[in-house]
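# Fold and contact review
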Amino acid sequence: MHPILFIVFLPLVAAIVAGFANKSFGATLPKAITTGALFVSCALSWPVFIGYLMETSTATVVPVLHFITSGTFDVSWALRVDALTAVMLVVITSVSALVHLYSWGYMSEDPDQPRFFAYLSLFTFAMLMLVTADNLIQMFFGWEGVGLASYLLIGFWFRKPSANAAAIKAFVVNRVGDLGFMLGIFGTYLVFNTVSISAILAAAPSMAGSTIGFLWFRADTMTVICLLLFVGAMGKSAQLGLHTWLPDAMEGPTPVSALIHAATMVTAGVFMVCRLSPMFEVSPTAMGFVTFIGAATCLFAATIGTTQTDIKRVIAYSTCSQLGYMFFAAGVGAYGAAMFHLFTHAFFKALLFLGAGSVIHAMHHEQDMRFYGGLRKAIPVTFWAMLLGTLAITGVGIYGIGGFAGYHSKDAIIEVAWAAGSPVASMVGVFAALLTSFYSWRLMFLTFWGEPRWAASEHIQHALHDAHGHGHDDHAHDHGGVHAADHGSAHAHGHDDAHHPDPAGEDAGHAPHVESRGFNEIPKGTGGYHPHESPIVMLIPLIVLSIGAVAAGFVFHRWFIDPESAGEFWKGALFFNEHLMHEMHQVPLLVQLSATIVMLSGLLIAYLTYIRSPDAPARFADTFQPLYRFLLNKWYFDQLYHFLFVRPAFAIGRVLWHRGDEGTIDRFGPNGSAWLVQAGSRAAVRLQTGYVYTYAFVMLIGLTAAITWAIAG
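The text that follows walks through the structure, step by step, so that each part is easy to find. (Residues numbered from 1 in each chain as written. Predicted model: local features only at pLDDT ≥ 70, side-chain atom pairs only at ≥ 80, totals over all residues. Heavy atoms only, no water.)

### Some points on the overall build of the protein
Counted only if it meets this: Think of it this way: any DSSP run of H or I at least four residues long counts as a helix, any run of E at least two long counts as a strand, and we number them from the N terminus. Throughout, the radius of gyration refers to the C-alpha atoms, and the reference size of a globule is 2.2 Å times the residue count to the power 0.38. Each residue gets one of three labels from its accessible area relative to the maximum for its type: buried under 20%, exposed over 50%, partly exposed in between, using a 1.4 Å probe on protein chains only. Working rule for contacts: check all heavy atoms of both residues, and any pair within 4.5 Å makes them a contact. Accessibility throughout is a Shrake-Rupley quantity obtained with a 1.4 Å probe, and a residue counts as covered only by protein chains that appear here.
Along its length, the protein carries 30 helices and 6 strands. Relative to a compact globule of 713 residues, whose C-alpha radius of gyration would be 27 Å, the protein shows 30 Å and is just as compact. When the backbone C-alpha atoms are referred to their principal axes, the protein occupies close to 120 × 75 × 55 Å. Out of the 713 residues belonging to the protein, those deemed buried represent 57%. Relative to all contacts within the protein whose residues are 6 or more apart in sequence, the contacts with residues 24 or more apart total 79%. Counting only carbon and sulfur atoms, one obtains 69% of the accessible surface of the protein, whose full area is about 27600 Å².

This is the structure:
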C-alpha cells in the first residue's frame, strides 16, 4: 500500500475521531490522536520527498475510488504523487505537525481544545487533498475544503463578534475568487473534454492561437481559461483586490495564522498556477497579468506593513508581500523559483507567527508592539527564534557564499525577473525587499529592544489586577481560555478590540480605527509585570523551524532552481525553463547585489529611527500625514469595499426583507392565507350559534331553495 494513502487520510481520521469524541474523553486524548496522526504523516512525507531528491522516485497515480460517470464526463478519485506534490507534502505536514504540538501549550486552557484540534486536522486533510489531486474536480474539493476549514478556524472564538466578522469576510471574499476558479474549470472541460490534469497539460500547447466565445466576444482560449483560474488563485492567496480577508484572519488563534500563512490556504493559489504551468505558458497575456498582480501585491502589502502596530498584522501583510514574489516569479516563467520561495517561506513564516504567539503569550494577550520593548532578556528563546526568522525573511547572506533561507529564494526571484525581461518587476521586488527589511527590523526593535512599555497596556493592567486582587499568577498561559472570554472582547484573543473598536456594525471584517500615539509617546515602565518564557511544547516547534529558516535555502536550492539539476528533480511536474535559469546567473552584478544592499539599508533605517532617534517615526508621520494615514488605513481598501459592496448589499437586503419578503411574500403568502382562514373562521362562528331554532330556520331556507330550484327547472 502506497504511503500517500496514510499521509492524506490519517489527518481526516484524526479529525473525525477528535470531532465526534469532542469532550467525552477529555482534552488530552483528542489532542494526542490528532497530533500523533500529523507526526506520522510528516514522518511518511519526508521519505517521499527525499526519494525525488535522490532521483529514485517517479511520478505515480494511486487510485482511491470511482467517483462520477456521466456521458463523456468521468472522474475517478486518485492521488497524484510527483516532485511538486512531494514538496507540498513536506511543507504541509511538517508545519501542521509543529503547529499541532505548539497548540498544546498555546491553547492549554481553552475549553474547546478537541474542536480546535479537529479543525486543524481537517484543514490539513483538505490541503493534502488539494495538492494530491489528479483532476480539477478533486482539486476543487480540496480548494473548498480549505475554505471551509479556514472559516471554522478564523471564527473559532465564535463568541467574539470581530472573529465572526473576520470568518465571514474570509468566506465571502474567497467565494468571489472561487467563482472564477469554477468558471475556469468549466471552460477547461468545455475545451479539453476532460478534467484530468495530465491530459489537459498534454493537450494545452495544441490550443495556442485558438479562440473561444466569452461575454459576447471571442478571445484567446487559453488566456480566458488561465485568467479565470488565476482569479481563484488571487482569492485563496490574497492577491491585490481579493486580499482584504487575510489581515482580518488574525482574529483566529495564532497557531491558525501560522498554518494558514505558511503551509495551507495561501499557498494553494501558487501551487495551482505551478501545477497548471504548461497551460499558462501558452498564454503570454495571462502570464503578464500574473506578473503584474504579483508585483503590485508585493509592493502594496510591504508598504502597509511599515505602519502597522499589531505584531500579527505586520507578519500577515508580510505574507501578502511574499506571495506577490511567488506569483511574479511564476508570471515570468520561473515556476521552480516560485516553489522554492514557497518552500523556504513556509519555515520562516511559520517561525515568525509562532514566535509572535510566544510573545503574545508572554504579554498576556497584548498584540500591540507599542506596548512591548525590552523583551529579549525576559524571553530569550523566543527572541533568538524570531531573530533567525527575521534574518531569513530579510535575506541576510554573503554574496558567493550563501545565507539564510530568504537570501537564496527571494534573491533568485529578483534576478530571474530581470533575466526574463521584466526589469520593472525586478525593481519592484528590490524596493519591496527594502520595505521588508525595514518593517521586519522595526518589529524586532519595538518588541525586543528599548525600554519596557508594558505598564501602559490594558492587557498587562488586567493581568496585574488578577495577580494582586485575585491571587492569579502574573502570567496568563492562554489566549483561548475562559479567563479571557469572561472579561469580554477587550481582553480576549485579539487585542484590537481593546484599542480599535469597529467603525461600523455592518462592516464585514475588522477595520480598526487609527490609534494616534506613537511608541515613543507610550509611558515607560514594567508596572511590576514579569513576562515568562513559553512552555517547552511551544519552544520545540520554534527551534525546529529555526533550523529550516537557517538551512532550507542553501541545502535545497540546487534541486529547485539550479539549471543543471533542477530539471531532473521536477521531471515535468511543472514547466521548468533551463535556459531562463542559466540566464539568471548572467544578470549584472548590481542586480545580484541589489537585494543585499536594500536589506542592509532597511536594517540601518529601522535602527536609526527606532533605536537611535525614537522620535523620528512621529516626526515623519506628522510631516507626511496624508501618506502615513493612507498606509495606516491600508490604502483604504476596506473603506472602499464597505462603501461599494457592503453597504449596498445590506441596503438591498433590507429592501428585499421588508418590501419583498414581509410586504409581498408574507403578506400574500402564508400571512395572507392565515388571514383568510381566520376571516372565514369568524364568519363561520356567527353561523354556529348553538340554538335549535336557528339551525331549523337555516334548514327551512335550504329546503325552500331546493324546492324552488326543482320547480323552476
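Continuing now.
### Quick look at a nonpolar patch on the surface
Worth spelling out the cut-off: Residues enter a patch when their relative accessible area is above 30% and they make no salt bridge; the linking distance is 9 Å between like charges and 5 Å between nonpolar side chains (Val, Leu, Ile, Met, Phe, Trp, Tyr). By convention in these notes, a salt bridge is any Lys or Arg side-chain nitrogen within 4 Å of a carboxyl oxygen on Asp or Glu.
Among the surface-exposed residues, Phe-620, Phe-624, Leu-627, Phe-630 and Tyr-636 lie close enough to one another that they form a single nonpolar patch of about 450 Å² accessible area. With respect to the secondary-structure elements, Leu-627 resides in helix α27 (residues 625–632). Residue classification places Leu-627 among the partly exposed residues on the basis of a relative accessible area of 40%.

### A short note on helix α28 (residues 637–668)
Going by this rule: In this scheme, the bend at a residue equals the angle between the axes fitted to the seven residues that finish there and the seven that begin there.
Along its length, α28 shows its largest kink, about 40 degrees, at Phe-643. Each element contacted by the buried residues of α28 is listed here: α6 (161–192) and α13 (284–305).

### As for the pairing of strand β1 (residues 60–70)
Just so we agree on the cut-off: In this scheme, strands are said to pair when DSSP sees at least two bridges between them.
Note: β1 against strand β2 (residues 73–81), 9 bridges, orientation antiparallel. Among the inter-strand pairings, Thr-69 is bridged to a residue of β2, identified as Asp-74. Adjacent in sequence and paired antiparallel, β1 and β2 are bridged by 2 residues, among which Gly-71 carries a positive phi angle near 65 degrees.

### Concerning the nonpolar core
Basically, it comes down to this: For the purposes of this section, nonpolar cores are sets of buried Ala, Val, Leu, Ile, Met, Phe, Trp, Tyr and Cys residues that join through side-chain atoms within 4.5 Å.
Core analysis: the biggest nonpolar cluster contains 206 residues, and Trp-245, Met-279, Phe-280, Met-339, Phe-343 and Trp-570 have the highest contact counts within it. In terms of residue count, the dominant contributor to this core is helix α15 (residues 335–362) (19 residues).

### Regarding the pattern of salt bridges
Going through the model one piece at a time under the given rule, you end up with 15 salt bridges. Asp-82 is the salt-bridge partner of Arg-80, the closest N and O atoms lying 3.4 Å from each other. By relative accessible area, which is 16% here, Arg-80 ends up buried. Using a relative accessible area of 3% as the deciding quantity, one classes Asp-82 as buried. Arg-275 serves as the salt-bridge partner of Asp-82, at 2.7 Å between the closest nitrogen and oxygen. Within this pair, whereas Asp-82 is found in the loop between β2 and α3 (83–106), its partner Arg-275 is found in helix α11 (residues 265–275), the two being separated by 193 residues in sequence. Here the two residues Asp-82 and Arg-275 agree in accessibility, since each one is buried.

### Some remarks on a negative patch on the surface
This is how the line gets drawn: As used throughout, the charge tally considers Lys and Arg to be positive and Asp and Glu to be negative, leaving His and the chain termini uncounted. Here the site of a charge means atom NZ of a Lys, CZ of an Arg, CG of an Asp or CD of a Glu.
Side chains of Glu-55, Glu-564, Glu-568 and Glu-578 sit close together on the surface and give a patch of like negative charge. The residue Glu-55 is located in the loop between α2 (28–53) and β1 in this model. Among the residues examined, Glu-55 registers a relative accessible area of 40% and is labelled partly exposed.

### Observations concerning the pairing of strand β4 (residues 217–220)
As judged from the 4 bridges shared by strand β3 (residues 211–214) and β4, these two strands associate in the antiparallel manner. Bridging across to β4, Thr-211 finds its partner in Asp-220. Joining the antiparallel neighbours β3 and β4 is a turn of 2 residues, in which Leu-215 adopts a positive phi near 50 degrees.

### Overview of the side chain of Thr-447
Looking at where Thr-447 falls in the secondary structure, it is placed in helix α18 (residues 423–448). A relative accessible area of 0% means that Thr-447 is categorised as buried.

### Points about the packing of helix α26 (residues 616–623) against α27
Heads up, the rule is: To obtain each axis, a line is fitted to C-alpha atoms, and for helices this fit is confined to the stretch in contact; angles are then taken between N-to-C directions over 0 to 180 degrees. Comment on the angle field: the value is read as roughly parallel under 35 degrees, roughly antiparallel over 145, roughly perpendicular from 65 to 115, and oblique elsewhere. Charged residues are taken to be Asp, Glu, Lys and Arg, nonpolar residues to be Ala, Val, Leu, Ile, Met, Phe, Trp, Tyr, Cys and Pro, and polar residues to be all remaining types, Gly included.
In contact at an axis separation of 5 Å, α26 and α27 are set at 105 degrees when each is read in the N-to-C sense. With respect to α27, the axis of α26 lies roughly perpendicular. Contact residues: α26 offers Phe-620, Ala-621, Asp-622 and Thr-623, while α27 offers Gln-625, Leu-627 and Tyr-628. Taken together, the residues of the contact of α26 with α27 sort by class into 4 nonpolar, 2 polar and 1 charged.

### What about the packing of aromatic side chains?
Condition: The rule is short: rings of Phe, Tyr and Trp, with Trp giving its six-membered ring, pair when the centres are within 6.5 Å, and they are stacked under 30 degrees, edge-to-face over 60, tilted in between. Charges are assigned to positions over rings by a cutoff of 6 Å between ring centre and Lys NZ or Arg CZ, combined with an angular limit of 35 degrees from the ring normal.
Taken as a whole and assessed by the stated rule, the structure comprises 42 aromatic pairs. For the ring pair Phe-49 and Phe-569, a centre distance of 6.3 Å and an interplane angle of 90 degrees mean the geometry is edge-to-face. Within this pair, whereas Phe-49 is found in helix α2, its partner Phe-569 is found in helix α23 (residues 566–570), the two being separated by 520 residues in sequence. Accessibility assignment for this pair places Phe-49 and Phe-569 in one class, buried. Ring geometry for Trp-77 against Phe-141: centres 5.2 Å apart, planes inclined by 80 degrees, an arrangement best described as edge-to-face. Taken together, the positions of Trp-77 in strand β2 and Phe-141 in helix α5 (residues 136–154) put the pair 64 residues apart, joining distant regions of the chain. Taken together, Trp-46, Phe-49, Phe-340, Phe-343, Phe-347, Phe-556, Trp-559, Phe-560, Phe-569 and Trp-570 form an aromatic cluster joined through their ring pairs. Lying over the aromatic face of Trp-104, Lys-31 brings its terminal NZ or CZ to 4.5 Å of the ring centre.

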